[in-house]
Amino acid sequence: MQAHHDHCAHEDMPLAVETKIHDYESFYEDCEIRRQFDSDLDACPTIDCNNILTDMGNIVTEMSEANCDTTCSSATCKEKYQKMLMAHDTCEEDQLPTALERTLHDYEEACEANLCNTSPAAFTLDTSVCSPATKAIVSKLILGLTASVAYLLM
């Protein structure tokens, strides 16, 4: 699931799964899976993951106040969305507030025209860098995802 979330286009994964994965990240080991490079897109603005709370602490509120969820065509919405995307894709989970990670997915449809590259160049996905998960971690993840799916189906 992480591979699809991190590597594939947002429309290739159900929104509920795309956002709920952030609730369960602490239950499993991460592996480095980057979003694929798109030669039609510009590079995302650089950010400092070590200062994310200082530099982007109010970004969720600012995007809401700018109505970026309905129209993301303003320069303000474009800049904030691209910074949020870069943070989501390149910073460690423990550096990001969960609200920032989830909010990115709330704006993906409206801000789709403002996508940018978080990877510097095209690459081949190498899953060998992922550590094998322990049975306990896999069990917790499956249990959590099953509960989420059951809740969504109710």
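None of the values given here were measured: they were computed from a predicted structure.

Cut-off values and rules
- Residues numbered from 1 in each chain as written.
- Predicted model: local features only at pLDDT ≥ 70, side-chain atom pairs only at ≥ 80, totals over all residues.
- Heavy atoms only, no water.
- Axes fitted to C-alpha atoms, helices over the stretch in contact; angles between N-to-C directions.
- Helix = DSSP H or I, 4+ residues; strand = E, 2+ residues; numbered from the N terminus.
- Parallel < 35°, antiparallel > 145°, perpendicular 65-115°, else oblique.
- Left-handed = near helix turned anticlockwise from the far one by under 90°.
- Contact = heavy atoms within 4.5 Å.
- Nonpolar A, V, L, I, M, F, W, Y, C, P; charged D, E, K, R; others polar.
- Buried < 20%, exposed > 50% of the residue type's maximum accessible area, 1.4 Å probe, protein only.
- Polar contact = N/O pair within 3.5 Å; in protein donor to acceptor, adjacent residues only side chain to side chain.
- Salt bridge = Lys/Arg side-chain N within 4 Å of Asp/Glu carboxyl O.

(A) Seen up close, the packing of helix α5 (residues 75–90) against helix α6 (residues 98–107). Put simply, α5 and α6 touch, their axes get as near as 10 Å, and they point 130 degrees apart. Judged on the interaxial angle alone, α6 and α5 are oblique. Read as a crossing pair, α5 and α6 show a hand that is left-handed. Counting all contacts with α5, which are made through Tyr81, Met84, Leu85, Ala87 and His88, the residues of α6 involved are Leu100, Glu101, Thr103, Leu104, His105 and Tyr107. Each residue belonging to the contact of α5 with α6 can be placed in one class, and the counts come to seven nonpolar, three polar and one charged.

(B) Region of the structure containing the side chain of Thr118. Looking at the element boundaries, Thr118 is found in the loop between α6 and α7 (135–153). Residue class for Thr118 comes out buried when judged on its relative accessible area of 11%. Polar contacts involving the side chain of Thr118 include one to the side chain of Asp89, which spans 3.1 Å.

(C) Focus on the pattern of salt bridges. Applying the stated criterion across every chain, the model contains two salt bridges. Across the pair Lys83 and Glu79 runs a salt bridge, and its minimum N-O distance is 3.2 Å. With Lys83 and Glu79 both in helix α5 and four residues apart, this pair spans about one turn of that helix. Overall, Lys83 belongs to the partly exposed group, its relative accessible area being 26%.

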